[in-house]
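# Chains, contacts and geometry: an overview
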Amino acid sequence: MAENTLTITDNRTGQMYTVPVENGTIRAMSLRQIKTGPDDFGLMTYDPAFMNTASCRSSITYIDGDKGILRYRGYPIEVLAERCTFLEVAYLLLFGELPNQGELKTWVYDITHHTMLHEATKKFMEGFRYDSHPMGMFVSTVAALSSVYPEARDIHDAENRMHQIVRLIGKVPSIAALSYRHNVGFPYVYPDNDLSYTENFMNMLWRMVEPKYVANPVLSRALDILFILHADHEQNCGTNAMRSVGSAQTDPYLSLASAASALAGPLHGGANEEVLKMLDEIGTKDNVPAFIKKVKDGHGKLMGFGHRIYKNYDPRAKIIKWSSEQVFEVTGRNPKLDIALELERIALEDDYFNKRKLYPNVDFYSGIMYQAMGFPPAMFTVLFAIARTVGWLAQWQELVNDPEQKIARPRQIYTGYDQREFIPMEKRAAASVPAR
Ligand code: SDX
């Protein structure tokens, strides 16, 4: 039986090295022994954007990008989206097993009784301009909660960690709703503990003067499914930020604010809002071929298409497409869907996209559905952040409990000057760098 090792010959010295292969990887540190002489630091790996680098061991989410497979703790996303509630999946992601009836009841009770925000939070919100982007308000307010719960800094206490986790999962919909109400200038709505997680979110968003908010069950279920689909996605950009900041033993509020900041980027969770802008720019189905040509000529991207891991159809996009049909039966069909379907039809037949294995990702259809439900595009990434809060916290827990993890501190390839003589002011030439 062949050994699980790699034999490396350094042609610079003729030296041979044998390094172990574990789980399809070699440890980068096993390359440091490869030197050309005693003063040589040893070999490093160079991997901008971590295209081929595993940063951790994780048992939370499994993705097979070629086959379009996504599983949370071994369960296919399709089954969870069909059979579970979001809080049930949140429990699975955090504790590793599906909850029984009693565990789920306690879990839902705990989350429900942490949806209230400290009254100071309303003052944070009042500090924002009325037209502030809700992602900026979300990130800032989550970070500000670090000042409301200073005990969260004790990240080594498991019970304290869980208390903060329950607080964050309970409060992110309240923060999201607060930012929406601030944008539209409506009074804030307090949580209603009689309602489910998504029904209460809708209550805090859309209750006006009626004494009791009644959510449309089709829409609250669609939101539950959307939250399940967005809950975790292994080591994506936002999760990498959560783990990197968390590795410094930063409290979970500040760490999660950094993760949400990464998610806000248009190449990441901000793509759902960009898709709607793109569909607005295209305007009609007839303009789709011209837009596709523009993209192929290198002018802009087809937002909501492509993925670092999926080189096949994103399984979440399929489920969203199916779920949106249920929503449109209630809200009326979003005419932008026709433009999106034409974009997908043409792109999937076009060699430019096929060659690059570009398929619709989770963001391609989600915004069309959110808009039909009444959300403005600026809220789309906030919705993504509510759901992904669970994944970020599950990944953070795994980080804190992983004995191999320590503060994240990558190396670099230095390309700057070697040591040089200092130049006193009087000897400096005219502007050595172009004026700003
Ligand atoms: C999310 O990682 C995760 O799991 C993320 C996420 C999660 O759940 O956390 O799944 C959520 O972020 C989904 C992705 C949302 N982003 C978008 O929809 C933005 C549009 N997509 C692209 O920017 C891009 O596809 C990325 C960022 C998603 C992935 O980029 P990669 O892996 O770095 O790929 P690349 O940019 O190197 O592209 C490879 C080629 C390039 O062309 P060539 O240089 O080979 O000629 O494909 C082209 C790119 O120009 N390309 C696109 C394209 N995406 C890639 N061309 C047109 N339209 C696109 N959308």
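## Quick notes on the sheet that holds strand S4 (residues 69-72)
Read across the sheet, 3 strands follow the order S3-S4-S5 without closing on themselves; strand pairing throughout is antiparallel. In this open sheet, the two strands that pair with only one neighbour each are strand S3 (61-64) and strand S5 (75-76).

## Remarks on the domain arrangement of the chain
In terms of domain boundaries, the chain breaks down into domain 1 (1-46), domain 2 (61-264 + 375-400) and domain 3 (271-373). Just the C-alpha atoms count here: the centres of domain 1 and domain 2 sit 43 Å apart.

## Topic: helix H7 (residues 197-206)
Since the α-helix turns once every 3.6 residues, residues separated by three or four places project in the same direction. Within H7, 9 of the 10 residues are buried, leaving the element largely enclosed by the surrounding structure. The complete set of buried residues in H7 reads Tyr-197, Thr-198, Asn-200, Phe-201, Met-202, Asn-203, Met-204, Leu-205 and Trp-206. Among the structural elements, helix H2 (86-95), helix H3 (101-112), helix H6 (158-184), helix H8 (217-229), helix H16 (362-373) and helix H17 (380-400) are those in contact with the buried residues of H7.

## Looking at the state of the cysteines
A disulfide bridge is the covalent bond that connects two cysteines by way of their sulfur atoms. With the rule as written, the count across this model stands at 0 disulfides. Left unpaired, Cys-56 is separated from the closest cysteine sulfur, that of Cys-237, by 14 Å.

## Looking at the packing of H8 against H16
To describe two helices that pack against each other, one gives the angle between their axes and the distance between the axes. One way to put it is that H8 packs onto H16 with a least axis distance of 12 Å and a crossing angle of 150°. Comparing their axes, H16 and H8 come out roughly antiparallel. Like other packed secondary-structure pairs, H8 and H16 cross with a definite hand, here left-handed. Across from Leu-219, Ala-222, Leu-223 and Leu-226 in H8, the residues of H16 making contact are Ser-366, Met-369, Tyr-370 and Met-373. The class makeup of the residues in the contact of H8 with H16 is 7 nonpolar, 1 polar and no charged.

## Some words on the site of the ligand
Near the ligand, the surroundings consist of 23 residues, among which His-233, His-307, Arg-308, Arg-316 and Arg-388 are the closest. Between the ligand and Leu-267, the relevant distance is 2.8 Å, taken from a nitrogen atom to a main-chain nitrogen or oxygen of the residue. The side chain of His-307 places a nitrogen or oxygen atom 2.6 Å from an oxygen atom of the ligand. Alone, the ligand offers 1,100 Å² of accessible surface; in the complex the protein occludes 74% of this. Of the residues belonging to the shell around the ligand, the class tally is 10 nonpolar, 7 polar and 6 charged. Split by domain, the shell around the ligand shows at least three residues from each of two domains, domain 2 (61-264 + 375-400) and domain 3 (271-373).

What counts as what
Residues numbered from 1 in each chain as written. Predicted model: local features only at pLDDT ≥ 70, side-chain atom pairs only at ≥ 80, totals over all residues. Heavy atoms only, no water. Pairing = 2+ DSSP bridges. Helix = DSSP H or I, 4+ residues; strand = E, 2+ residues; numbered from the N terminus. Domains from an automatic or database assignment. Buried < 20%, exposed > 50% of the residue type's maximum accessible area, 1.4 Å probe, protein only. Contact = heavy atoms within 4.5 Å. Disulfide = S-S within 2.5 Å. Axes fitted to C-alpha atoms, helices over the stretch in contact; angles between N-to-C directions. Parallel < 35°, antiparallel > 145°, perpendicular 65-115°, else oblique. Left-handed = near helix turned anticlockwise from the far one by under 90°. Nonpolar A, V, L, I, M, F, W, Y, C, P; charged D, E, K, R; others polar. Near = heavy atom within 4 Å. Polar contact = N/O pair within 3.5 Å; in protein donor to acceptor, adjacent residues only side chain to side chain. Areas by Shrake-Rupley, 256 points an atom, 1.4 Å probe, with all protein chains shown as cover.

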